[in-house]
Amino acid sequence: QVQFVESGGGLVQSGGSLRLSCVASESTFSISGIGWYRQAPGKQRELVASSSRGGRTTYKNSVEARFTISRDNAKNTVYLQMNELKFEDTAVYYCNVVSIMNLFYWGQGTQVTVSS
């Protein structure tokens, strides 16, 4: 079964940047919709950004203009560029990928910690 491996998380100071990546374990996988979620301690998982197969993007209000979701279909990779990071962005971030067969997959999660 295809898996999605995330990378790019870490510790960064407030105002800094990180780029998260999420790559499919199979090169033949075809990505349709994509999304990035996050879950902070004691809170529910929430949608941060999404992009449809047609390229329509949506963002959580608090990250719009700071985060950018994108994909590289040739590399079967999705990205989340995060700029101007804030303490409240601290969470475990998960990629969510929808295949062209409308099957949903989750990455294993990557920790993002922003120091104030």
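Above this text is the structure in question.
Caption draft 1: Seen up close, the sheet that holds strand S8 (residues 77–82). On the basis of which strands lie adjacent, the open sheet formed by four strands has the order S1-S3-S8-S7 and antiparallel pairing. Looking at strand neighbours, the two that pair on one side only are strand S1 (4–7) and strand S7 (67–72), the edges of this open sheet. Looking at each pair of strands side by side, their axes are set apart by 15 degrees on average, direction ignored. Taken together, the four bridges between S1 and strand S3 (residues 18–24) define a ladder with antiparallel strand orientation. Bridge pairing links Glu6 to Cys22 in S3.

Caption draft 2: Looking closely at the nonpolar core. Counting residues in hydrophobic clusters, the biggest one holds 27 residues, and the most contacted among them are Phe4, Phe29, Trp36, Phe67, Leu80, Met82 and Tyr93. Beyond its immediate stretch of four places on either side in the chain, Tyr93 contacts Glu6, Leu20, Tyr37, Arg38, Val48, Phe67, Leu80, Met82, Gly109, Thr110 and Val112.

Caption draft 3: Representation of the side chain of Thr110 within the structure. Tracing the backbone through its elements, the reader meets Thr110 in strand S11 (residues 110–115). Separated by 3.3 Å, the side chain of Thr110 and the backbone nitrogen of Gly9 make a polar contact.

Caption draft 4: Representation of the packing of aromatic side chains in the model. Taken as a whole and assessed by the stated rule, the structure comprises five aromatic pairs. Measuring from centroid to centroid gives 5.2 Å for Phe4 and Phe29, while their planes differ by 85 degrees, and the two rings are edge-to-face. Here Phe4 is found in strand S1, whereas its partner Phe29 is found in the loop between S3 and strand S4 (31–39), with 25 residues between them in sequence. The two residues Phe4 and Phe29 agree in class, both being buried.

Caption draft 5: Representation of the environment of Tyr59 in the model. By the element assignment, Tyr59 lies in strand S6 (residues 57–59). Separated by 12 residues in sequence, Tyr59 and Leu47 have C-alpha atoms that sit 8.0 Å apart. Every residue in contact with Tyr59, bar those within four places of it in the chain, is listed here: Val48, Ala49, Glu64, Phe67, Thr68 and Ile69. Looking at Tyr59, its side chain comes within polar contact range of the main-chain nitrogen of Ile69, at 3.0 Å.

Caption draft 6: Looking closely at the pattern of salt bridges. If you walk through the whole model with that rule in mind, you get four salt bridges. Arg38 is paired through a salt bridge with Asp89; the nearest N and O atoms lie 3.0 Å apart. On the criterion of sequence distance, the pair formed by Arg38 in strand S4 and Asp89 in the loop between S8 and strand S9 (91–99) is long-range, its members being 51 residues apart. One salt bridge in this structure joins Lys60 and Glu46, with 3.2 Å as the shortest N-O distance. You can see Lys60 sitting in the loop between S6 and S7 and its partner Glu46 sitting in strand S5 (residues 46–51), a full 14 residues away along the chain. Assessed through its relative accessible area of 28%, Lys60 is described here as partly exposed. One continuous salt-bridge network, built from bridges that share partners, spans Arg38, Glu46, Lys60, Arg66 and Asp89.

About the thresholds
- Residues numbered from 1 in each chain as written.
- Predicted model: local features only at pLDDT ≥ 70, side-chain atom pairs only at ≥ 80, totals over all residues.
- Heavy atoms only, no water.
- Pairing = 2+ DSSP bridges.
- Helix = DSSP H or I, 4+ residues; strand = E, 2+ residues; numbered from the N terminus.
- Axes fitted to C-alpha atoms, helices over the stretch in contact; angles between N-to-C directions.
- Core = buried A, V, L, I, M, F, W, Y, C linked by side-chain atoms within 4.5 Å.
- Buried < 20%, exposed > 50% of the residue type's maximum accessible area, 1.4 Å probe, protein only.
- Contact = heavy atoms within 4.5 Å.
- Polar contact = N/O pair within 3.5 Å; in protein donor to acceptor, adjacent residues only side chain to side chain.
- Phe/Tyr/Trp six-rings, centres within 6.5 Å; stacked < 30°, edge-to-face > 60°.
- Salt bridge = Lys/Arg side-chain N within 4 Å of Asp/Glu carboxyl O.

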